[in-house]
Amino acid sequence: MAKSKRYARVGRECVACGSCLKVCPKGAVRIVSGVIARVDQEICIGCGKCARTCPADVITMVEAVSSSL
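For clarity, every value in this text was computed on a predicted model and none was experimentally measured. Here, residues in each chain are numbered from 1, in the same order as that chain's written sequence. The predicted origin of the model limits local features to residues at a pLDDT of at least 70 and limits the giving and counting of side-chain atom pairs to 80 or more, whereas totals for whole chains, interfaces and linings rest on all residues. Processing note: side-chain calculations cover all non-hydrogen atoms of the structure and skip hydrogens and water entirely.

**Quick word on the overall build of the protein chain**
Secondary structure elements are defined from DSSP: runs of H or I of at least 4 residues count as helices, runs of E of at least 2 residues count as strands, and each element is numbered from the N terminus. Secondary structure summary: the protein chain contains 2 helices and 4 strands in total. The N-to-C order of helical and strand elements in the protein chain reads β-α-β-β-α-β. Relative accessibility decides the category of a residue: with a 1.4 Å probe and only protein chains considered, values under 20% of the type maximum give buried, values over 50% give exposed, and everything between is partly exposed. Looking at the 69 residues of the protein chain, the share that counts as buried comes to 33%. When contacts within the protein chain are restricted to residue pairs at least 6 apart in sequence, long-range pairs at least 24 apart make up 63% of them. Using the Shrake-Rupley algorithm and a 1.4 Å probe, accessible areas are obtained, with residue cover drawn only from the displayed protein chains. Carbon and sulfur atoms make up 52% of the accessible area of the protein chain, which totals about 4,800 Å². By definition in these notes, contact holds between two residues if any of their heavy atoms fall within 4.5 Å.

Next up, the structure:
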């Protein structure tokens with residue numbers, strides 16, 4: 001049976017402004033090397049708050065499909 005989960009993906013155009021960090025309810029977003037935001041897919045709950053808040057509009061919500069037996 002396949003299970004679908006939504007998560008956030010950050011584009012390369014990210015300017016690391018930190019807006020997404022402030023709105024993530026689970027702390028799934030972090031700034032890497034001071035230059036780009038990254039989302040931990042294991043923590044992300046797929047709420048989309050980061051994508052709606054991003055002033056550069058570079059965060060998209062995507063579906064991840066995983067198989068489980």
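**So, the environment of K5**
Checked against the element boundaries, K5 lands in strand β1 (residues 2-10). Taking the C-alpha atoms as reference points, K5 and G46, separated by 41 residues in sequence, lie 7.4 Å from one another. In this structure K5 touches Q41, E42, C44, V62, E63 and A64, once residues within four positions along its chain are discounted. Counted as a polar contact is a pair of N or O atoms within 3.5 Å, where, for protein atoms, one must be capable of donating a hydrogen and the other of accepting one, and residues adjacent in sequence contribute only when both atoms are in side chains. A polar contact is formed between the side chain of K5 and the backbone oxygen of C44, at a distance of 2.4 Å.

**With respect to empty space enclosed by the protein**
In this analysis the probe radius is 1.4 Å and the grid spacing 1 Å, with only protein atoms considered; a cavity is a set of points the probe fits into but cannot get out of, a pocket is an open set with protein on both sides within 12 Å along at least five of seven lines, and lining residues have an atom within 4 Å of a point. Grid points are joined across faces, edges and corners, and a volume is the space filled by probe spheres set on the points. Within this structure, the stated rule accounts for 2 cavities of 30 Å³ or more. Taken as a whole, the largest cavity spans an internal volume of roughly 100 Å³. Together, 16 residues line the largest cavity, and C24, C44, G46, C47 and C50 are the ones closest to its centre. We call Asp, Glu, Lys and Arg charged. Ala, Val, Leu, Ile, Met, Phe, Trp, Tyr, Cys and Pro are nonpolar, and the rest, Gly among them, are polar. In the lining of the largest cavity, the residues fall into 12 nonpolar, 2 polar and 2 charged. In this structure, the second largest cavity encloses a volume near 70 Å³.

**Focus on the pairing of strand β3 (residues 36-39)**
Where strand β2 (residues 29-32) meets β3, 4 bridges bridge the pair, whose relative direction is antiparallel. Paired with V32 across the strands is I36, a residue of β3. DSSP calls a pair of strands paired once it identifies at least 2 bridges connecting them. Taken together, β2 and the strand that follows it, β3, pair antiparallel across an intervening segment of 3 residues, in which S33 is found at a positive phi of about 55°.

**A short note on the nonpolar core**
Remark: nonpolar core denotes a set of buried residues (Ala, Val, Leu, Ile, Met, Phe, Trp, Tyr, Cys) joined through side-chain atoms within 4.5 Å. Core analysis: the largest hydrophobic core is formed by 18 residues, its most contacted members being V10, V39 and I59. Mapped by element, the contributors of at least two residues to this core are β1, β3, α2 (49-53) and β4 (59-67).

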